[in-house]
Amino acid sequence: MTSRVPRPTGPLVHASVRLVLLVLCAAVAVGREEAADVVWLLPLGLAALTAVAPGSHSQAWATAVSVCEGVLVGLALESTGSADSPFLPYLIAPSFSASLTRGARHGVMPLGAAALVVLLAPLLDEAAPSPDELSAEVAQWFVLAGMVVTVAAWVRSASQQAERVGQLEEAQLEAFRLLTALREVTRQLPGTLDPTATGEALLERACEAVAFDTGAVLVAVTGSHSLAVLARRGARPHWDLSRRADSPLAHVWSTQGPLLLQPGLAHLEDEDGSHQAPGATLLVPLAAGDEVFAVLLLEGRKNSFPPGAAGQVRSAVSPLLLPLRSAVVFDEIRELATQEERRRLAREIHDGIAQELASLGYAMDGIAADVDAGAPVAEQVGEVRKQIRTLVSELRMSLFDLRSDVSPDEGLGAAISRHVRGVGTASGLRVHLSLDETSVRLGAETEAELLRIVQEAVANARKHARAENLWVSCTVDPPTARITIEDDGSGLVNDPSRDSHGLAIMRERAARLRADLVVEDRSPRGTTVRVDLGRVRS
Amino acid sequence: MSGTPTVVLIDDHELIRQGLRRHFERDGSFDVVGEASSGAEGERIVRELLPHVAIVDLGLPDKNGLEVTRVLRQEHPELGIVILTMYAGDEQVMGALQAGASAFIPKSAPANEVIAAAKHAAAAPGTFSAADLAGVMRRASEQKVLLTPREKDVLLLLAEGHAVAAIAKRLYISPSTTKSHIARLYEKLEAGNRAQAMVNAMRLGLLPRSE
């Protein structure tokens, strides 16, 4: 983002305040016609010049200058007759400057230094007035200076706040510009904001530049230290993709430079307890702007990556970096917006129709209690009450769906298992769950979309199929995944019109992931929904 | 004061409070002595009125009903607390149990079940009742380390000391799939190697004790 140019008004204010005060003091000093008074103008003026001189100085230096100034003012007061001194107003100058630029604490320092000099000097110099002769006038000026310090500190904090607001506005403006530009890009170039497709294209380019056995594009997962596999070519190794402090991946991420490992990055533990490693692993950081957002991981035999390989890969994939970065960010934004909308919807249902229906149920309970148990209408009342109960239960399940998310540290399998267990509790379905996940994750947006497909499929089985059992199996092997949801209910054949809306939603979600969705009858009865995500080229 | 036990209703939806109040009045087993539409107000009226039972909604506007429950339980060990909620899911039930509630009732349940829960809460505030509590507890204990059937098979064969190739053959799956199961197992058991995985599995009761 753009950085703001600091406003140059500060030093100007200080300099003019000092000038005014100094001229005032000088006028009084000259008027008194005492040589000692006029002589003090020189060091005070020099000190003022030093203090307001432009240029960036350290905090300690500024503090030292202002304290020296305080001492100087104290000495000037002492030698020009304390209460009669023409320099009394000048007490304000160093404190005001320090307070305005660095806060009240710093404003008090020069004032304290001056006070110390004024109080201690009589002990050293017998000619000077004794402390009890220090008139109320001197004290008044110190009090006045103290008030100025307070006001200046307040002005400082107020202006800082205004500046923060200004910066925020500017950042928002910048965000607006970017989003508008993004909208244009999305309209003009459909398809270019697909992270998976872009990741695959990037691997293709890398493949043309240098030969490798297995390659993968790894992207950061927001809120997690682990990396997700966006696209892959070749075999299915068991990588440890956490970005722990001392791991090669973390190294590449922080140094922004490529890394060749021979032997390569070890795979997770193998059968005899050994860590298997390929001959060589080349890690190439992918950066757009100054920021690394992904890593290209290439594996091959020993010496398969010549010294210039990393550079060749980098220049081959460079045209795709910005599109990939944009696609990843766009996906993230879309997911954030979706989540926000789902939460809003959940709140609306929870506070609105759900409560109204529940209270309607209580009203029906009242009617049921008033009606004679034997009366013909009693049965109808009971039936209505039952339906209201079913409706409220349905709404509770919808709320449950809307509020379920994949948390960054648990992964898709855990989220699916939590969800179907919750559904099992509420609906009485017997749930059979089978998970087969690698330790590597899918992208967060993909996981969220898959969970929603599962929710929809499970909801269909629960609501319409009158099923007893639900089988959910989930195999995740990033960037691919296969999820199957089966029930032993009435099936599609018996009711072809069944919830075409739910099916349409699943199709839409699957299409967004470029996943295949199959909905078919299950043998001997029931329905099978299968989602197949991604493919790996070898 | 008569001997009738007292109840307060803490729910931000007025219609719900009205409906419940009517049923409590009709039933006659409780006096509704107060209503509150926020968590803070609820805590205040319980402090003032010292009722026998508080009915607490989970989705209160100012704070979560579980927090309110925790506060109430700490301040009033003998108070019966009934959680009444629109939210579904095991986590809510477990949360209510841990916060110190005496009963958990979904808002889909008819009013007489709410009254029954209030009676239970008044009689035994230190206990907990909820529909399908056994199922919730079982699922919660399974959830700690949830192994798939396949992973359980692999774990048992690993414990018997078989190599990956042998396990793959026994289970009719590919060595690559087997490895993936093992990697997953290690992760779930928070183990870095086979020995550690075995120790942790033993500790969690995932392996039979007899060697």
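Located above this text is the structure these notes cover.
First, a word on scope: everything that follows refers to the structure included in this document.

1. Here's the deal with the sheet that holds strand E1 (residues 214-220) of chain A
Residue and element names in this part refer to chain A.
Logical step 1: With antiparallel pairing, 5 strands are arranged side by side in an open sheet as E2-E1-E5-E4-E3. Pairing within the sheet leaves two strands with one partner each, and these edge strands are strand E2 (227-233) and strand E3 (259-261). The average angle at which neighbouring strand axes cross in this sheet is 20°, direction not considered.
Logical step 2: Both strand E4 (residues 280-288) and strand E5 (residues 291-300) contribute to a ladder of 9 bridges, which runs antiparallel. Paired with Ala288 across the bridge in E5 is Glu291.
Logical step 3: Relative to E2, helix H7 (residues 195-209) is tilted by about 55°, and along the sheet it contacts E1, E2, E4 and E5.
Logical step 4: In the packing of helix H9 (residues 309-351) onto the sheet, the strands contacted are E1, E2, E4 and E5, and the crossing angle to E4 comes to about 45°.

2. A closer look at the packing of aromatic side chains
Residues and elements named next belong to chain B.
Logical step 1: Here the structure, examined in full by the defined rule, presents 1 aromatic pair over all chains.
Logical step 2: Consider the rings of Phe24 and Phe30, whose centres lie 5.6 Å apart with planes at 80°: the pair is edge-to-face.
Logical step 3: In this structure Phe24 comes out as buried when scored by relative accessible area, which is 0%.
Logical step 4: By relative accessible area, Phe30 is classed as buried at 3%.

3. Focus on the interface of chain A and chain B
Logical step 1: Residue-level contacts link 38 residues of chain A with 49 residues of chain B.
Logical step 2: For the pairing of chain A and chain B, the buried interface totals around 3800 Å² over both sides, and the portion due to carbon and sulfur atoms is 53%.
Logical step 3: Remark: the boundary between chain A and chain B carries 3 salt bridges.
Logical step 4: Elements that contribute at least two residues to the side of chain A that touches chain B include exactly H9, helix H10 (353-370), helix H11 (376-403), helix H12 (411-427) and strand E6 (430-437) of chain A.
Logical step 5: The element that contributes the greatest number of residues to the side of chain A that touches chain B is H10 of chain A, accounting for 10 residues.
Logical step 6: Its residues placed into classes, the side of chain A that touches chain B shows 10 nonpolar, 12 polar and 16 charged.

Thresholds, definitions, all that
- Each chain carries its own residue numbering, running from 1 in the direction its sequence is written.
- Think of it this way: whatever chain is written first is A, whatever ligand is written first is 1, and the rest follow in order.
- Confidence filtering applies because this is a predicted model: local features only for residues at pLDDT of at least 70, side-chain atom pairs given and counted only at 80 or more, and all residues used for totals across whole chains, interfaces and linings.
- To get the side-chain values, take all heavy atoms of the structure and skip hydrogens and water.
- For two strands to be treated as a pair, DSSP must find at least two bridges joining them.
- To qualify as a helix, a DSSP run of H or I must reach at least 4 residues; to qualify as a strand, a run of E must reach at least 2; elements of each kind are numbered from the N terminus.
- All axes here are fitted lines through C-alpha atoms, helices being fitted over the stretch that makes contact, and every angle between N-to-C directions spans 0 to 180 degrees.
- Contact definition: two residues touch when any of their heavy atoms are within 4.5 Å.
- Aromatic pairs are defined between Phe, Tyr and Trp rings, using the six-membered ring for Trp, whenever the two ring centres lie within 6.5 Å; interplanar angles under 30 degrees are classed as stacked, those over 60 as edge-to-face, and all others as tilted.
- Relative accessibility thresholds used throughout: buried, under 20% of the residue-type maximum; exposed, over 50%; partly exposed, between the two (1.4 Å probe, protein chains only).
- For any pair of parts, buried area is found by adding up, for both, the accessible area (1.4 Å probe) each one loses once the two are put together.
- For this document, the term salt bridge refers to a Lys or Arg side-chain nitrogen within 4 Å of an Asp or Glu carboxyl oxygen.
- Asp, Glu, Lys and Arg are counted as charged, while Ala, Val, Leu, Ile, Met, Phe, Trp, Tyr, Cys and Pro are counted as nonpolar; the rest, among them Gly, fall into the polar class.

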